[in-house]
Amino acid sequence: MLDGRSALGAGGAPTPLAGPSAFTLEAWFDAAGPNLAAPVGVPGFVAYTPSALQLTIGGRTYAVQASDAAHPTGLAVAIFDPTTPFGPPGRYGVGVIQNPLADGAGIVADFTGATPGFAVSSGGLVPTTFTGYAGVGVSSGVCLVGAPGSCQTLAVTPIPLTWDGQSFALTFGNYSDDAPGTPAYAASIAAVPEPGTVALLAAGLGAAAACAGARRRGARA
């Protein structure tokens, strides 16, 4: 769940969430294309630009701006395979990151397994279920003072949303949760009926408590 350290509001003025709020984030991709957000150049890490991205929270489903060269404040889908140099060895990371080259605002959850195994080197998205939730990191933006992993000050960059023709802004708080066995987040990649498309589903299913050391606090650039 997102908590009161995150905020959502109309007109570009986010209001802190009243309390723990369950959410579902879904992204759709054209499986015929590479969908790469940018050539990140980090072993075991890839960021994808979805053709459509939506957030359901508080009974509303918002369209989310996807990240690309023209929209750096949008969100890209981020996947880390077990070979990545960031985070605990052998874990997968799945989530969303704003401006992935700069390691901007986002949410990335760690998982201890995947069925089938997922590797960035495999060259694309394949139907996968990530298992064994092992923590999540949430970040409000790029590091301004210090360095990722020991950052002292983070930027706060709103993420553009729309609902019923209105503009909204979502900001994330800064916290991490390392609670093995707590089913707070789930993620999967599933084929959908439309020809040539793949959907990635990342769902927040439980409360996230504040404690130190999740993958989102590590350097990625």
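Residues numbered from 1 in each chain as written. Predicted model: local features only at pLDDT ≥ 70, side-chain atom pairs only at ≥ 80, totals over all residues. Heavy atoms only, no water.

K.L.:
Explain the packing of aromatic side chains here, please?
P.N.:
The relative placement of two aromatic rings is captured by the distance of their centres and the angle of their planes. Under the defined criterion, the tally for this structure stands at ten aromatic pairs. Ring centres of F118 and F130 lie 6.3 Å apart, and the angle between their planes is 55°; on these two criteria the pair is classed as tilted. With F118 in the loop between β9 (106-115) and β10 (128-139) and F130 in strand β10, this residue pair connects regions lying twelve residues apart in the sequence. A relative accessible area of 3% places F118 in the buried class. Taken together, F23, Y92, F111, F118, F130, Y133 and Y185 form an aromatic cluster joined through their ring pairs. The ring of Y175 is capped by R5, whose NZ or CZ atom sits 4.1 Å from the centre of that ring. Of note, R60 hangs over the ring of W163, and the distance from its end group to the ring centre comes to 3.8 Å. (Phe/Tyr/Trp six-rings, centres within 6.5 Å; stacked < 30°, edge-to-face > 60°. Helix = DSSP H or I, 4+ residues; strand = E, 2+ residues; numbered from the N terminus. Buried < 20%, exposed > 50% of the residue type's maximum accessible area, 1.4 Å probe, protein only. Lys NZ or Arg CZ within 6 Å of the ring centre and 35° of its normal.)

K.L.:
Please clarify how the state of the cysteines should be interpreted in this entry.
P.N.:
Cysteine pairs can be linked by a disulfide, which is a covalent bond between their two sulfur atoms. For the coordinates displayed, the defined rule picks out one disulfide. The residue that forms a disulfide with C143 is C151, at a sulfur-sulfur distance of 2.2 Å. Because the torsion about its S-S bond is 105°, the bridge between C143 and C151 counts as right-handed. According to the relative accessible area criterion, C151 is partly exposed, its value standing at 28%. (Disulfide = S-S within 2.5 Å.)

K.L.:
Please explain the confidence of the model for the chain as it appears in this structure.
P.N.:
Parts of the model with low pLDDT should not have their predicted coordinates read in detail. Overall, the prediction assigns the chain a mean pLDDT of 80, with 82% of residues at 70 or greater. Ranking the elements of the chain by mean pLDDT puts strand β17 (residues 197-204) last, at 64, and strand β6 (residues 60-64) first, at 94. Counted against residues more than four places away or in other chains, residues 204-221, with its pLDDT under 50, gives 76 contacts. (pLDDT = per-residue confidence, 0-100. Contact = heavy atoms within 4.5 Å.)

K.L.:
Is there a simple way to explain the side chain of T171 in this structure?
P.N.:
Assignment of secondary structure puts T171 in strand β14 (residues 166-171). Judged by relative accessible area, which is 11%, T171 ranks as buried. Beyond its immediate chain neighbours, meaning those up to four positions away, T171 contacts S6, A7, P14, V156, T157 and P158.

K.L.:
Got a minute to help me understand the pairing of β10 in this structure?
P.N.:
Side-chain positions along a regular strand alternate between the two faces of the sheet. Taken across its twelve residues, β10 has nine buried, putting it largely inside the fold. Note: β9 against β10, eight bridges, orientation antiparallel. Of the residues in β10, the one forming a bridge with V108 is G137. Alignment of β10 against strand β16 (residues 185-191), held across three bridges, turns out to be antiparallel. (Pairing = 2+ DSSP bridges.)

K.L.:
Explain unusual backbone geometry here, please?
P.N.:
Backbone phi values are negative for most residues with the exception of glycine, while trans is the configuration of most peptide bonds. For the bond running from T115 to P116, omega is -10°, close enough to zero to count as cis. Its place among the elements puts P116 in the loop between β9 and β10. Positive phi outside glycine occurs at D164, with the angle close to 50°. By the element assignment, D164 lies in the loop between β13 (159-163) and β14. Residue classification places D164 among the exposed residues on the basis of a relative accessible area of 66%.

K.L.:
Looking at this model, I keep getting lost on the environment of D81. Mind explaining?
P.N.:
Looking at where D81 falls in the secondary structure, it is placed in the loop between β7 (75-80) and β8 (92-98). Owing to a relative accessible area of 4%, D81 belongs among the buried residues under this scheme. The contacts of D81, once residues within four sequence positions are left out, are G44, R91, Y92, F118, A119, V120 and S121. Side-chain polar atoms of D81 contact the side chain of T83, separated by 2.6 Å. There is a polar contact of 2.8 Å between the side chain of D81 and the backbone nitrogen of V120. (Polar contact = N/O pair within 3.5 Å; in protein donor to acceptor, adjacent residues only side chain to side chain.)

K.L.:
Would you mind going over the side chain of S140 with me for this structure?
P.N.:
With respect to the secondary-structure elements, S140 resides in the loop between β10 and β11 (143-145). Within the structure, S140 has its side chain in polar contact with the backbone oxygen of A155 (distance 2.7 Å). The residues touching S140, leaving out its near neighbours within four places in the chain, are A105, L154, A155, V156, T157, F172, G173 and N174.

K.L.:
Got a minute to help me understand the environment of V94 in this structure?
P.N.:
When you line up the elements, V94 lands in strand β8. Classification of V94 as buried rests on a relative accessible area of 4%. C-alpha of V94 to C-alpha of I107: the two residues are 13 residues apart in sequence and 8.3 Å apart in space. The contacts of V94, once residues within four sequence positions are left out, are A78, I107, V108, A109, F111, F130 and A187.

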